[in-house]
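# Close look at the chain arrangement
For reference, the chains in residue letters:
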Amino acid sequence: MRLQPCFHCGLDTKKSNITFDEKSFCCNGCKTVYEIFASNDLTCYYDLQSAPGATPKEIEGKYNFLDNDSIVEKLLEFNDDKTQIVTLFIPHIHCSSCIWILENLNKIHSGISSSQVNFGKKTVRVTFNPETYSLKNVVLLLNSIGYEPYISLDDFKTGKEHINRSLIYKLGIAGFAFGNIMFLSFPEYFQVNEFWLDQFKPMFRWLMFAFSLPVVFYSAQDYFISAYKGLRAKILNIDVPIALGIIVLFLRSTYIIMFNLGSGFFDSLAGLVFFLLIGKFFQQKTYSFLSFERDYKSYFPIAITKILEGEETSIQVYEIKKGDRLLIRNEELIPVDGILINGNATIDYSFVTGESETINKYSGDKLYAGGKQTSGMIEMEALKTVEQSYLTQLWSNDVFSKNKEDSFTTVTNSISKWFTLTILIIAFSSSIYWLFVDTSKVMNAFTAVLIIACPCAIALAAPFTFGNVLRIFGKQKFYLKNATVIEQLAAVNTIIFDKTGTITSNKKGTATYEGDMLSSSEETLLKNTLRGSNHPLSRTLYDVLKENNIISLEEFEEHLGQGISAVHKDTSIKIGSAKFVGDLQEHSTLNTAVHISTNETYRGKFIFYNNYRKGLSKLFNKLKNKYELAILSGDNEGEFENLKKLLPAKTKLLFNQKPEDKLEYIKYHQSEGANILMIGDGLNDAGALAQSNVGIAISENVNVFSPACDAILDASKFNQLHNYITVSKKAMKIIEWSFVLSFVYNILGLYFAVTSQLSPVIAAILMPLSSISIVSFTTIATNFMCRNLK
């Protein structure tokens, strides 16, 4: 009877003789993992890929340090009474089965509420309930199913990947072997005879064989592993022809020297692997550079209010230092971990945890970055500086994704799928042809075809183009959630603008008061109520009013699209629309107005004079020929005549629009085939921003950050909007041209390979050069087309 490999990990079961459920296992550890999966209805793990698992390790006592609360606190990225979040680096993550099981940990234990895998970084972000399940339990569970996490106690960071230098080692060995094999091949290249012929030729050939062994079995092992896993999963990936070419070269060369028929192709073999690894190393370095540029260097335009000696100043989040005292207004995001100093905090951590339940916090409690204050203003002390990469990670969290498909990724995947099959057919066909015409060219033609043809250049075009555009946009104060936004931005045909705080500027606003004189206590209450709001009109009016004492409000509530209400001692105040404050009179003013009532008695109104953003008319005139334009405003029609003069005639102007009206307007036009770009503020327009194909929040000295938006644009760059959209369209063209160049390269390369005019080592040099040329083309082209952004 033939023994089956281990059902879980694929290793030999000859010595174990362990069976369960009619399946063979190499050890009790693998059997236990299978039992865990089977008892939790998770055996689909084995359907995605056969024997995908790893044998769990014996780790008794290894993670006892996780009983130490101070260590656990440093490892966690979020910690609350009922929710803890940790990101763990899992070296064994390698296939779709790994992703599937790690994202279904909640089915193994109910104490885990969710888990999310980042396949590229080999991390899993686990959310769990500390009342029923500890971090130590999570780590032990992961180990028990064969996914032991790597935890660095040097810096107490679990999400930080251990530096993997294996590619450098493989490249070094391949280069060393290639150089030596070339030297050993020189006598045969130059046809040296006499003494060398009799004494050293056999030894040189076997030395070349010896040098090729570490190249094939160490340096090239990733290609064999990838090809094997692909074939086991019934997928023909790009590494299949490469692995086949390496095997054929090695076996053929070994056969030749064994029977003294020649020196073989060991020089070509070592050169092939060396140049392939150079291409991989170059690609890895470029990806790392783009990732670093995006996470740590890009401008992330979120403003925050810093309190210093009683003065309130607006700063960017990356300027926050440990110990800074920060003012967090209603609906603002907490940008950094800190301690609550003053005020009633009701924090919504849905941005971090995905759970919408709010949590009450009191003076002295710890607050975590990513939470949103939902009940007035609070003051906090920063415990550390801002980690922009953490904010980026939260923003890109799947909880808020819109499931927008990246069509170029789909195209790339489709091409790669059929590419390998086509190349194998061409390789075997050319071999059969040369078998009958000239047998000496069979090997050259077969291996050259397998090596020269490569969809890598096609696969690289989209990520490198998008990555560079993201980086450039970030430096120009236009920050995008991810690469898909570029593709969506290029496809828009309708652009909708909010008015207040979007096409109008908050910085130079002026207002006059009409109504009953307010008492000093009412003025103080008015100023302090406005202090807690982030609405553009609130911020403008707050800046216009004279300084008053800071007081603590007993109640504060912001009513979306209507106004604000607050209570201090025995005085209540309402600020907002005439209807909201209880004024039933007709108002003939043609300007934007904010009405005020105290203790349910109408007192008066502040009339605003709008200051439109610099370059507004010029921007709309650039956009009018290619896009449908509309303005949806929650204000009255007071600015209708002014906007009619400023903007193109075809611009639709709709006033008195509530947040839900804007949302329905976008939904209707999308059903009619419109691809909509919505530009507004991150507070009142959150629903419209989320519904639109692309939602951009304007940032101007206020914290408007919202997970609903796809991009954040600094207000100073508002007049560059047309250029950003144009660059997005050109980026799509660059990718299309990259596809064309890659196809041309492959067709020409295949012609020379099939006709046996190309040796395998030259093919190996040209293959990474094709990738380098595509990356260079996309980088230079994107830099060139972005030269006018300023």
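Residues numbered from 1 in each chain as written. Predicted model: local features only at pLDDT ≥ 70, side-chain atom pairs only at ≥ 80, totals over all residues. Heavy atoms only, no water.

Spatially, the four strands line up as an open sheet ordered β3-β4-β6-β5, and their pairing is antiparallel. Taken across any chain shown, the strands that pair with only one partner, and hence form the sheet edges, are β3 (78–79) and β5 (112–118). Bridge count for β3 against strand β4 (residues 84–89) is two bridges, and the pairing is antiparallel. Note that in β4 the partner of Phe 78 across the bridge is Ile 85. Those strands touched by helix α6 (residues 135–144) are β4, β5 and β6 (123–128), and its axis lies near 35° from that of β4. (Pairing = 2+ DSSP bridges. Helix = DSSP H or I, 4+ residues; strand = E, 2+ residues; numbered from the N terminus. Contact = heavy atoms within 4.5 Å. Axes fitted to C-alpha atoms, helices over the stretch in contact; angles between N-to-C directions.)

Core analysis: the biggest nonpolar cluster contains 52 residues, and Phe 478, Ile 495, Phe 497, Leu 677 and Ile 696 have the highest contact counts within it. No other element matches helix α26 (residues 721–754), which puts nine residues into this core. In this structure, Phe 478 is in contact with Phe 473, Leu 489, Ile 696, Ala 711, Ile 712, Leu 713 and Tyr 724, ignoring residues within four places of it in sequence. Core analysis: the second largest hydrophobic core is formed by 45 residues, Ile 181, Phe 204, Val 215 and Phe 266 among them. (Core = buried A, V, L, I, M, F, W, Y, C linked by side-chain atoms within 4.5 Å. Buried < 20%, exposed > 50% of the residue type's maximum accessible area, 1.4 Å probe, protein only.)

The angle between the axes and the distance between the axes are what describe a pair of packed helices. Following both chains from N to C, one finds helix α18 (residues 484–491) and α26 inclined at 105°, their axes separated by 8 Å at the closest point. Here α26 runs roughly perpendicular to α18, going by the angle between their axes. The residues of α26 that touch α18, namely those facing Ile 486, Glu 487, Leu 489 and Ala 490, are Tyr 724, Ile 725, Ser 728, Lys 729, Ala 731 and Met 732. (Parallel < 35°, antiparallel > 145°, perpendicular 65-115°, else oblique.)

Within a regular beta strand, the side chains point alternately toward one face of the sheet and then the other, so they alternate between its two faces. As paired elements, strand β19 (residues 555–559) and strand β20 (residues 563–568) share five bridges and run antiparallel to each other. Opposite Glu 555, over in β20, you have Val 567 as the bridge partner. From the end of β19 to the start of β20, which pair antiparallel, there are three residues, and Gly 561 there has a positive phi angle of about 80°.

This paragraph deals with the environment of Asn 180. On the secondary structure map, Asn 180 appears in helix α7 (residues 166–189). Sequence-wise, Asn 180 and Ser 212 are 32 residues apart; in three dimensions their C-alpha atoms are separated by 10.0 Å.

Attention now moves to the sheet that holds strand β7 (residues 303–308). Strands sit in the order β8-β7-β9-β15-β10-β13 across an open sheet of six strands; the sheet is antiparallel. Edge strands, defined here as strands with exactly one partner in the open sheet, are β8 (311–316) and β13 (366–367). Two strands pair when backbone bridges link them, and strand β10 (residues 338–342) and strand β15 (residues 378–382) are joined in this way by four bridges, in the antiparallel orientation. Looking across to β15, one finds that Ile 339 is bridged to Glu 381.

On to the pattern of salt bridges, then. With the rule as written, the count across this model stands at 13 salt bridges. The salt bridge involving Arg 329 is made with Glu 332; its shortest N-O contact spans 3.8 Å. As far as burial versus exposure is concerned, Arg 329 and Glu 332 are alike and both buried. In this structure, Arg 603 and Glu 522 form a salt bridge, with 2.6 Å as the shortest nitrogen-oxygen distance. In this pair, Arg 603 is assigned in strand β23 (residues 601–609) and Glu 522 in helix α19 (residues 520–531), connecting sequence segments 81 residues apart. Taken together, the shared-partner salt bridges in this structure form one network comprising Glu 312, Arg 325, Glu 379 and Arg 531. (Salt bridge = Lys/Arg side-chain N within 4 Å of Asp/Glu carboxyl O.)

Distances and angles like these do not, on their own, reveal function.
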